[in-house]
Amino acid sequence: MLSRSTTITSTPSKSGVIVLDTNSISLQYGDIDSATRLFTSTANKSNYIYTAMFKGLISNNMVEKVFDLLDEMEIKPDSFTLAILFNACAELANDRAIKIGRKLLDEMPENYRNDNAVLNSAMHMLMKFGDIQSAERIFRLNKKKDIITYNAIIKGYVGNKMFEKALDLFEQIHLNLDNVTYIIVFNACAGLANDRAIKIGRKLLDEMPENYRNDNAVLNSAMHMLMKFGDIQGAERIFRLNKKKDIITYNAIMNGYNLNDESSKCFKILDGMSHEGIVPNETTWNILIGACSQIGMIHRCEYIIDQIPLDTQNKRQIQNSLIDMWGKCGSVEKAQIAFKSIDDRDTVTYNTMINAFGLNGMGSEAIHVYKQMPNDLRDEVSHICVLNACSHSGLLHEARNIFDEITFKTEKIITTMIDCLSRLFLFDEAQKLIDNYEKTNKPYLIMYMSLLSGARNNRNRHVSEKVYDRMKYLFPNEKQHLVSGAVLVSNIYSSFGEDQLATTFRSNQIKQLRTNATKGLSWTQINDEIVQFTAHDNSHPQASEIDSEIDRMTSELIQHGYKFDSSWITRKIKDGETIQSVLCGHSEKKAIALNFIQRPVPKFIQIAKNLR
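Calculation criteria
Residues numbered from 1 in each chain as written. Predicted model: local features only at pLDDT ≥ 70, side-chain atom pairs only at ≥ 80, totals over all residues. Heavy atoms only, no water. Helix = DSSP H or I, 4+ residues; strand = E, 2+ residues; numbered from the N terminus. Buried < 20%, exposed > 50% of the residue type's maximum accessible area, 1.4 Å probe, protein only. Contact = heavy atoms within 4.5 Å. Lys, Arg positive; Asp, Glu negative; His and termini not counted. Charge placed at Lys NZ, Arg CZ, Asp CG, Glu CD. Patch = residues over 30% accessible without salt bridge, like charges linked within 9 Å, V, L, I, M, F, W, Y side chains within 5 Å. Areas by Shrake-Rupley, 256 points an atom, 1.4 Å probe, with all protein chains shown as cover. Salt bridge = Lys/Arg side-chain N within 4 Å of Asp/Glu carboxyl O. Pairing = 2+ DSSP bridges. Core = buried A, V, L, I, M, F, W, Y, C linked by side-chain atoms within 4.5 Å. UniProt positions renumbered as here; feature names shortened; annotations may be inferred. Disulfide = S-S within 2.5 Å. Axes fitted to C-alpha atoms, helices over the stretch in contact; angles between N-to-C directions. Parallel < 35°, antiparallel > 145°, perpendicular 65-115°, else oblique. Left-handed = near helix turned anticlockwise from the far one by under 90°. Arc of directions from axis to C-beta. Polar contact = N/O pair within 3.5 Å; in protein donor to acceptor, adjacent residues only side chain to side chain.

It is worth spelling out the overall build of the protein at this point. Helix and strand content of the protein: 34 helices and 3 strands. Across its three principal axes, the protein shows a C-alpha extent of roughly 105 × 60 × 55 Å. Across the 612 residues that make up the protein, the buried fraction comes to 48%. Residue pairs at least 24 apart in sequence account for 62% of intrachain contacts in the protein once pairs closer than 6 positions are excluded. Of note, the protein has its 72 positive side-chain charges centred 4 Å away from the centre of its 73 negative side-chain charges.

Next up, the structure:
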């Protein structure tokens, strides 16, 4: 078998055939023209020569050219060439690749059907085509399964988001695992991230042989898995102990922080990269832009953008991310500037701009961009973004028209329309959409959460109780969502002054579900530091000054006719508390007051939240 490092001498053979150096053909320096000339000038090309050229083209992302050469190939591919061709088809996985791949597989000589390398490549190709059954058939018929065979099919399951099947098969392996197995199974556990996946992933990590604890790819996958489990400390431990950190390591830890709403830590990692001389790549900047989007602080966004090289800023994926970032920071003008600067707008470009308008209550502008968008670029996300924009702007008539025009209404599109109706307290119409959907589909939790959220805003006790009871019946294992639902229902009880009922209901439900409600957070930027608050948070060094400033703000508001609304108090008032003291302890007010006590007072104040 020809390996990547095999060298075939350039000495002419007795037959006069020029034999090429494989490393030259593999185009490792990207000299495509020279390699092509050398290949073309070679008479009586062997499978070795074709295979080398195919590998070179694949490594240079020129897979279509592989198929062009295959059409000219006058000899039958041998087993190694066939394996490379299957890999080429898997890489591209378009209509042409699928047609060629299936034809090669159907016409494959019988003696190759016992060749493990060929079968593994064929299985990988079919998985990339989404043809799970055919890949499984090859796996079952293979009598010489090795660890590479298992890796190929498990990787295929992960690629097709069939994580449970991946773990089922992993638990049947009775061979020694290699580093690839660890990487793939960690990725499967990360994709699933339920109790079973957490148990398998932790056990695999704990029992991992020492020699793999120095393998960067394995450690990066383990770190990603732990981040998906919400185990930030475990991931950070691996990061600290890794002595061979590369750009992928840094990207993995930062992406994990974004996943766990700890995006502010990304900027410290960036400083660490700079100290170690690691140059950020396009993925790094995308992750950091994502961190800026989550934090929502305009000054921090500007600081990061100033560091991104201009050639990277001009790449469409980065530009799309910038539109999203500016929209989430509330700077619609800058989002529009980024949008207008893109000539070759794709689906993501339009969707992010529509979403940016929607997030900032500019429903009419979102609809305008949606209507400008070419029909062939619209996808499910386009419809969801524009309907969501209508929902947040109260544009019911427009939402109905757009919804009626959508030919194929997916689960998420219907859910967004239900949210729109629920926000406007049209509960009967929203329930009708749910009922129609469930005639042919399984119930979808988020539809009920949208209905329940609208009922809370409407202080509709009857609808909220009915919806929550239905949620408990249909989705008994969705604990975190049920806790959120219980909080909404208890808030409705509190709004009617039934504090004891609210407290009892909330504590009982949370105790039954054995999980906690997500804490509300607010944050702001003071100088270069992101400062975070929870409700009634007194941990800041200037806590007493903050409280004094809140008292001053409150007095001024009362002078202008402001009155506190006790219906927003979601618990029983304790001894020594007043309606005013409870409502003035909200995290948003703490963040605003912190800005006001700065000297000089900032000209620009921005507050962001995690729950809204």
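This next bit is on a nonpolar patch on the surface. A cluster of nonpolar side chains, contributed by Leu 557, Ile 558 and Tyr 562, occupies part of the molecular surface with about 260 Å² of accessible area. Position of Tyr 562 among the secondary structure elements: in the loop between helix 32 (543-559) and helix 33 (579-583).

Turning our eyes to something else, we now look at the environment of Phe 267. By the element assignment, Phe 267 lies in helix 16 (residues 265-276). By relative accessible area, Phe 267 is classed as buried at 6%. Sequence separation of Phe 267 and Arg 213 is 54 residues, and the distance between their C-alpha atoms is 27 Å. Beyond its immediate stretch of four places on either side in the chain, Phe 267 contacts Leu 288, Ala 291, Cys 292, Ile 295, Arg 300 and Ile 304.

Here 3 strands make up an open sheet; going across it, the order is 2-1-3 and the pairing antiparallel. Strands at the two margins of the open sheet, each flanked by one partner only, are strand 2 (529-533) and strand 3 (608-609). Across 5 bridges, the pairing between strand 1 (residues 522-526) and strand 2 is antiparallel. Within strand 2, the residue paired with Ile 526 across the bridge is Glu 529.

One finds Phe 86, Phe 186, Met 325, Met 353, Leu 387 and Met 471 to be the most contacted residues of the largest nonpolar core, which totals 167 residues. For Met 325, the contacting residues outside a window of four places in its chain are Ile 289, Cys 292, Ser 293, Cys 301 and Ile 305.

This paragraph deals with the UniProt feature "repeat: PPR" (unreviewed entry) in the protein. This chain's UniProt record puts "repeat: PPR" (unreviewed entry) on residues 146-176, 246-280 and 346-376. In this annotation, residues 146-176 is assigned 68% helix and 0% strand; the end-to-end C-alpha distance for the span is 9 Å. Taken end to end, residues 246-280 has its terminal C-alpha atoms 10 Å apart, with 71% of it in helix and 0% in strand.

All right, on to the state of the cysteines then. Overall, the coordinates contain 0 disulfides when judged by the stated rule. Cys 301 takes part in no disulfide bond, and the closest cysteine sulfur to it belongs to Cys 329, at a distance of 3.2 Å.

This model, assessed by the stated rule, comprises 27 salt bridges. Linking Glu 556 and Arg 552 is a salt bridge whose minimum nitrogen-to-oxygen distance equals 2.9 Å. Taken together, the positions of Glu 556 and Arg 552, both in helix 32 and 4 residues apart, correspond to about one turn of that helix. Relative accessible area serves as the criterion here: at 40%, Glu 556 is assigned to the partly exposed category. One network of salt bridges, with partners in common, ties together Glu 64, Asp 68, Asp 71 and Arg 96.

This paragraph deals with the packing of helix 25 (residues 396-405) against helix 26 (residues 411-423). Contact geometry of helix 25 with helix 26 gives a least axis separation of 11 Å together with a crossing angle of 160 degrees. Taken together, the axes of helix 25 and helix 26 lie roughly antiparallel to each other. Relative to helix 26, helix 25 is oriented so that their crossing is left-handed. The segment helix 25 lies against helix 26, with Leu 396, Ala 399, Arg 400 and Phe 403 engaging Ile 413, Ile 414, Met 417, Cys 420 and Leu 421.

It is worth spelling out the environment of Leu 126 at this point. Relative to the assigned elements, Leu 126 resides in helix 7 (residues 116-129). The spatial distance from the C-alpha of Leu 126 to the C-alpha of Gly 101 is 8.4 Å, given a sequence separation of 25 residues. Look past the residues within four positions of Leu 126 in its chain and what remains in contact with it is Arg 102, Leu 105, Asp 131, Ser 134, Ala 135 and Ile 138.

Peptide bonds are trans in most cases, and residues, glycine excluded, mostly fall at negative phi. Cis geometry marks the peptide bond from Arg 599 to Pro 600, where omega comes out at -5 degrees. By secondary structure assignment, the location of Pro 600 is in the loop between helix 34 (587-596) and strand 3. Located in the positive-phi region is Asn 44, a residue other than glycine, with phi close to 45 degrees. With respect to the secondary-structure elements, Asn 44 resides in the loop between helix 2 (32-41) and helix 3 (47-59). For Asn 44, a relative accessible area of 64% gives the class exposed. Positive phi values are uncommon outside glycine, yet Ala 93 reaches one of about 50 degrees. A residue is classified by how much of its surface remains accessible, and Ala 93, at 28% relative accessible area, is partly exposed.

This part is about helix 21 (residues 332-340). Those residues of helix 21 that sit buried are Val 332, Ala 335, Ala 338 and Phe 339. One face of helix 21 carries all of its buried residues, which in axial projection span an arc of 120 degrees. Exposed and oriented more than 90 degrees from the buried face of helix 21 are Glu 333, Ile 337 and Lys 340.

Inspection of the secondary structure assignment puts Thr 51 in helix 3. Within the structure, the side chain of Thr 51 is placed 2.7 Å from the backbone oxygen of Asn 47, a separation counted as a polar contact. Every residue in contact with Thr 51, bar those within four places of it in the chain, is listed here: Phe 80, Thr 81 and Ile 84.

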